[in-house]
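# Results of the structural survey
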Amino acid sequence: MLFLVVSLFLFGALLGTAGHVPVPVTVLGGIAITAWLAVFFWRERRKSGMKGASR
């Protein structure tokens, strides 16, 4: 999944909207998306762990 995030970020930086904004803004956006995905992953992992423990 991390490979996909990095690939899409680089692709967007080269060809997409990210190519029209300053590099620091693009990097901050990438960091924000990565943090959001990490929190989502952690919450889903914790949620699935709780389901297994209640069985």
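All figures in this text were calculated on a predicted structure; none of them were measured in a lab. (Residues numbered from 1 in each chain as written. Predicted model: local features only at pLDDT ≥ 70, side-chain atom pairs only at ≥ 80, totals over all residues. Heavy atoms only, no water.)

Turning to the UniProt feature "transmembrane region" (unreviewed entry) in the protein chain, a few remarks are in order. The UniProt record marks residues 25-42 with the feature "transmembrane region" (unreviewed entry), using the residue numbering of this structure. Taken end to end, residues 25-42 is 100% helix and 0% strand, and its two terminal C-alpha atoms sit 26 Å from one another. (UniProt positions renumbered as here; feature names shortened; annotations may be inferred. Helix = DSSP H or I, 4+ residues; strand = E, 2+ residues; numbered from the N terminus.)

With that settled, consider a nonpolar patch on the surface. Taken together, L2, V6, F9, L10, V23, V27, L28 and I31 make up a surface patch of nonpolar side chains, about 750 Å² in accessible area. At the level of secondary structure, the elements contributing two or more residues to the nonpolar patch comprise α1 (2-15) and α2 (23-54). Inspection of the secondary structure assignment puts V27 in helix α2. (Patch = residues over 30% accessible without salt bridge, like charges linked within 9 Å, V, L, I, M, F, W, Y side chains within 5 Å. Areas by Shrake-Rupley, 256 points an atom, 1.4 Å probe, with all protein chains shown as cover. Salt bridge = Lys/Arg side-chain N within 4 Å of Asp/Glu carboxyl O.)

A few words now on the environment of L2. With respect to the helices, strands and loops of the structure, L2 is situated in helix α1. When the C-alpha positions of L2 and A38 are compared, they lie 9.8 Å apart, and in sequence the two are 36 residues distant.

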